[in-house]
Amino acid sequence: MTTMLNETALTFKAFEQNTFRMVCEWAKNYTKEFLERYDDYLMETRDKESYRNKGKRKTTVKTVYGEVEYERRVYEVIREDGLKEFVYLLDEQLEISGVGLISMNMAEQMVSSITETSYRETASSITETTGQSISAMGVWNVIQALGESVCEDERHLVKEHKAGNVSGEKETPVLFEETDGVYVRLQREKNTKGEIKVGLAYDGWKKTGENRYNLDGKVVVAGFSTSSEFQAYREAAIAEMYNMDEVELRIMNADGAEWVKNICDSDTVFQLDPFHRNKAIKENVPYSEHAKQIHALLEQKKLDEMFEYLERYRNSLTDGDEIEKAERLITYFSNNRKGLIPYNQRDLQIPDSPENIEYRNLGTMENHIWSVIARRMKHNHTCWSIRGGNHLAKILAKKCSGRLNEVANKLKMPAFERQVVEQIKEQMLSAYEANRKVGKGYRYPTQGSIPYMITQIKPARQAWMAISGITTN
């Protein structure tokens, strides 16, 4: 501190950076000592007949204040089949597995950032705003491991749903569903694109302000998959939130793709997405007077007259390209005839909506395609592997569902025993305890006091202790 303050032309920016580094260094030393003392406790309280101490090994945990290198003991265990196995009791207690030694806070920052920016930008942001230096490949490895955990949970949910063990608590008489696909560029395959399927379900609209509405009870799923795989998980995810026994009417809004029709139940009411319907007219009918007449007949629900008009329009054309476009529109509308009229303009018996919920026009899928997938994965010159793109799509779907926290939670929270934490805190409050030898030939690295721990506890010190998970009476 003295050296820093004696520097000439000291700016607040430099002061802030130096202070941040000092605080991170203290936090790393504190974490190292805490973990190693906890490992001492596990050594003393273990089942000595089952766990044979084989000495210490170094490892590193990545935290938001930097990499913390510490030592923990490895134990030899004889399994039931007679084979030897080596375990780290401290690692098992922390329940950190599958993603390497990454702290929960670090994982949350990565997951949140990767939904908005690239792996390289995420790595740069974390390096600049935390005490941790990490590469783009390091971020990629963590996201892939977390994404695989999400996929594993999905497979388990599908299995439980097929066994009839999944039923949500939310009840609704009408369930609105929307499904679409978005194509993204694939790696190593020139000019090749893959389709990410996206599904959305909700029970209606809730008014949040003047002319403002939000979808209520939103469930979002996404990923590279076959239509049958997508349907299996989509149904399981919906059933996880909703009690499907109470649903009287299901309404599906989609673009008319064949795979979408294949996932619809026979009782589901299909509606052709208004955006795609109107887009088809605009792209295939270049004359405004004819396009207006087609729209008018659709609004009047005169489908027979509309198809007759399309036939006359096609027969009046002489240009080959225009004829081909007219035939394309006729085929598209014919294949989706049942869905041309919006659901709320048909003679359907629609149950009353629950309190504070409204039923409005469908057609939010295109906006969700943009916000869920396209904004991050399509329009920024990126290419994806099937595995990497699938993992990110599922994380983006979690975010859109308001369940992004579930992704980082795959790391699991450290499970420290409260009584042991209090014991370690009392030990670390004593400068004498910090200097004494523990175990065979091991000396703690700190010599003397630990910052913010042995002096009078003022509000600033209480804040730092709270960050470290230690409370004071």
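Per chain, the residues get numbers from 1 upward, laid out in the order the sequence is written. Per-residue local features of the predicted model are confined to residues with pLDDT of at least 70, and side-chain atom pairs are confined, for both listing and counting, to 80 or more; whole-chain, interface and lining totals are unaffected and use all residues. Excluded from the side-chain calculation are hydrogens and water; included are all heavy atoms of the structure.

### As for the overall build of the protein
Turning to step 1, where the next piece is worked out: Each helix is a run of H or I in the DSSP string that is no shorter than four residues. Each strand is a run of E no shorter than two, and both are numbered from the N terminus. Along the backbone of the protein there are 18 helices and 10 strands.
Turning to step 2, where the next piece is worked out: By the burial criterion, 45% of the 473 residues in the protein qualify as buried.
Turning to step 3, where the next piece is worked out: Sequence separation of at least 24 residues holds for 64% of the intrachain contacts in the protein that already meet a minimum separation of 6.
Turning to step 4, where the next piece is worked out: With an accessible surface of roughly 25700 Å², the protein has 47% of that area assigned to carbon and sulfur atoms. Categorising residues by exposure relies on relative accessible area from a 1.4 Å probe, with only protein chains included: less than 20% of the type maximum marks a residue as buried, more than 50% marks it as exposed, and the intermediate range marks it as partly exposed. Contacts were defined at the residue level, with two residues in contact if any of their heavy atoms lie within 4.5 Å. Here the Shrake-Rupley method, with its probe set to 1.4 Å, supplies the accessible areas, and only the displayed protein chains count as covering residues.

### Let's talk about the packing of aromatic side chains
Turning to step 1, where the next piece is worked out: Pairs were defined over the aromatic rings of Phe, Tyr and Trp, the Trp ring being its six-membered one, requiring ring centres within 6.5 Å. Orientation was assigned from the angle between planes: stacked under 30 degrees, edge-to-face over 60, tilted for the rest. Tallied over the entire structure, the rule returns 11 aromatic pairs.
Turning to step 2, where the next piece is worked out: Here the aromatic rings of Phe34 and Tyr38 are separated by 6.2 Å at their centres, their planes lie at 35°, and the arrangement is tilted. Taken as a pair, Phe34 and Tyr38 lie in helix H2 (residues 12-45) at a separation of four residues, close to a single helical turn.
Turning to step 3, where the next piece is worked out: Owing to a relative accessible area of 10%, Phe34 belongs among the buried residues under this scheme.
Turning to step 4, where the next piece is worked out: Accessibility expressed as a relative area gives 0% for Tyr38, which makes it buried.
Turning to step 5, where the next piece is worked out: With a centroid separation of 5.6 Å and an interplanar angle of 65°, the aromatic rings of Phe176 and Tyr343 are classed as edge-to-face. Of this pair, Phe176 sits in strand S4 (residues 174-185) while Tyr343 sits in the loop between helix H12 (320-335) and helix H13 (365-377), placing them 167 residues apart in sequence.
Turning to step 6, where the next piece is worked out: A relative accessible area of 2% places Tyr343 in the buried class.

### Quick look at the side chain of Lys398
Turning to step 1, where the next piece is worked out: Tracing the backbone shows Lys398 in helix H14 (residues 386-400).
Turning to step 2, where the next piece is worked out: For Lys398, a relative accessible area of 15% corresponds to the buried category.
Turning to step 3, where the next piece is worked out: Filtering out sequence-adjacent residues up to four positions away, Lys398 remains in contact with Val150, Arg403, Leu404, Glu406 and Val407.

### Side note on the sheet that holds strand S2 (residues 66-78)
Turning to step 1, where the next piece is worked out: If DSSP finds at least two bridges between two strands, the strands pair. Judged by pairing direction, the sheet is antiparallel, and its three strands sit side by side in the order S1-S2-S3 without closing on themselves. Looking at which strands have only one partner, the edges of the open sheet turn out to be strand S1 (52-63) and strand S3 (84-87). Put simply, the sheet's adjacent strands are angled 25° from each other on average, direction ignored.
Turning to step 2, where the next piece is worked out: Of the strand pairs in this sheet, S2 and S3 are connected by four bridges, and their pairing is antiparallel. For helices, the fitted axis covers only the stretch in contact; all axes are lines through C-alpha atoms, and the angles between them, taken along N-to-C directions, range from 0 to 180 degrees.

### Overview of the packing of H13 against H14
Turning to step 1, where the next piece is worked out: Two elements in contact, H13 and H14, have axes whose closest approach is 10 Å; the angle formed by their N-to-C orientations is 140°. Judged on the interaxial angle alone, H14 and H13 are oblique. In terms of crossing hand, the pair formed by H13 and H14 is right-handed. Of H14, the residues touching H13 (which contributes His368, Val372, Ile373, Arg376 and Met377) are Gly389, Leu392, Ala393, Leu396, Ala397 and Cys400. Relative orientations are named as follows: roughly parallel for angles under 35 degrees, roughly antiparallel for angles over 145 degrees, roughly perpendicular for angles from 65 to 115 degrees, and oblique for any other angle. Crossing handedness is read from the near helix: turned anticlockwise from the far helix by less than a right angle, it gives a left-handed crossing, and turned clockwise, a right-handed one.

### Focus on unusual backbone geometry
Turning to step 1, where the next piece is worked out: For Lys301, which is not glycine, the phi dihedral falls at a positive 60°.
Turning to step 2, where the next piece is worked out: Along the polypeptide, Lys301 turns up in the loop between helix H10 (288-299) and helix H11 (303-316).
Turning to step 3, where the next piece is worked out: Under the relative-accessibility criterion, Lys301 is labelled partly exposed at 44%.
Turning to step 4, where the next piece is worked out: If you check the backbone angles, Asn356 has positive phi at about 70° while not being a glycine.
Turning to step 5, where the next piece is worked out: Checked against the element boundaries, Asn356 lands in the loop between H12 and H13.

### Quick look at the packing of helix H6 (residues 136-162) against helix H7 (residues 227-241)
Turning to step 1, where the next piece is worked out: Contact geometry of H6 with H7 gives a least axis separation of 9 Å together with a crossing angle of 80°. One finds that H6 runs roughly perpendicular with respect to H7. Residue-level inspection shows Glu154, Leu157, Val158, His161 and Lys162 of H6 in contact with H7, the latter providing Ala232, Tyr233, Glu235, Ala236, Ala237, Ala239 and Glu240.

### Describing a negative patch on the surface
Turning to step 1, where the next piece is worked out: Residues Glu171, Asp245, Glu246 and Glu248 make up a contiguous surface patch of negative charge.
Turning to step 2, where the next piece is worked out: Relative accessible area serves as the criterion here: at 36%, Glu246 is assigned to the partly exposed category. Patch rule: a residue counts if its relative accessible area is over 30% and it has no salt bridge; like charges are joined within 9 Å, and nonpolar side chains (Val, Leu, Ile, Met, Phe, Trp, Tyr) within 5 Å. In what follows, salt bridge is the name for a side-chain nitrogen of Lys or Arg lying within 4 Å of a carboxyl oxygen of Asp or Glu. Two residue types count as positive, namely Lys and Arg, and two as negative, namely Asp and Glu; His and chain ends fall outside the count. Just so you know, the charge point we use is NZ for Lys, CZ for Arg, CG for Asp and CD for Glu.

### Remarks on the environment of Asn405
Turning to step 1, where the next piece is worked out: You can see Asn405 is positioned in helix H15 (residues 405-408).
Turning to step 2, where the next piece is worked out: Distance from Asn405 to Ile395, taken between C-alpha atoms, is 9.9 Å for residues 10 residues apart in sequence.

### Some details on the nonpolar core
Turning to step 1, where the next piece is worked out: Residues Ile143, Phe176, Ile196, Ile251, Ile373 and Met377 are the most contacted members of the largest nonpolar core, which totals 52 residues.
Turning to step 2, where the next piece is worked out: Of all hydrophobic cores here, the second largest spans 44 residues; its members include Ile238, Phe270, Leu272 and Ala326. We call a set of buried Ala, Val, Leu, Ile, Met, Phe, Trp, Tyr and Cys residues a nonpolar core when their side-chain atoms join them within 4.5 Å.

### A few points about the pairing of strand S8 (residues 219-223)
Turning to step 1, where the next piece is worked out: For S8, a buried count of five out of five residues is recorded, marking the element as mostly surrounded by other parts of the structure.
Turning to step 2, where the next piece is worked out: The alternating pattern of S8 places Val219, Val221 and Gly223 on one face and Val220 and Ala222 on the opposite face, and all of these are buried.
Turning to step 3, where the next piece is worked out: Alignment of strand S5 (residues 193-202) against S8, held across five bridges, turns out to be antiparallel. Counterpart to Ala201 in the pairing with S8 is Val219.

### Observations concerning the sheet that holds S4
Turning to step 1, where the next piece is worked out: Pairing is mixed in the open sheet, where five strands are placed in the order S8-S5-S4-S9-S10. A strand with exactly one partner marks an edge of an open sheet, and here the two such strands are S8 and strand S10 (269-272). Within the sheet, the average angular offset between the axes of one strand and its neighbour, ignoring direction, is 20°.
Turning to step 2, where the next piece is worked out: Relative to strand S9 (residues 249-254), S4 is paired through six bridges, and the arrangement is parallel. Considered in S9, the bridge of Leu175 is made with Arg250.
Turning to step 3, where the next piece is worked out: Together, S4, S5 and S8 form the strand contacts of H13, whose direction differs from that of S4 by roughly 35°.

### A look at the confidence of the model for the protein
Turning to step 1, where the next piece is worked out: Of all residues in the protein, 82% attain a pLDDT of 70 or more, and the chain-wide mean is 82.
Turning to step 2, where the next piece is worked out: Values of pLDDT, ranging from 0 to 100, describe the predictor's confidence in every residue of the model. H11 holds the highest mean pLDDT among the elements of the protein, 95, whereas helix H17 (residues 431-435) holds the lowest, 41.
Turning to step 3, where the next piece is worked out: Note that pLDDT drops below 50 for residues 431-461; the model gives that stretch 47 contacts with residues more than four away or on any other chain.
Turning to step 4, where the next piece is worked out: Taken as a whole, residues 466-473 scores under 50 in pLDDT and shows 12 contacts with residues more than four places along the chain or in a different chain.

### What about the side chain of Ser113?
Turning to step 1, where the next piece is worked out: Looking at the secondary structure, you find Ser113 in helix H4 (residues 104-114).
Turning to step 2, where the next piece is worked out: Since its relative accessible area comes to 17%, Ser113 is described here as buried.
Turning to step 3, where the next piece is worked out: The definition of a polar contact used here is a pair of N or O atoms within 3.5 Å, where within protein one atom must be able to donate a hydrogen and the other to accept one, and adjacent residues in sequence count solely through side-chain atom pairs. At 3.0 Å, the side chain of Ser113 and the side chain of Thr122 are in polar contact.

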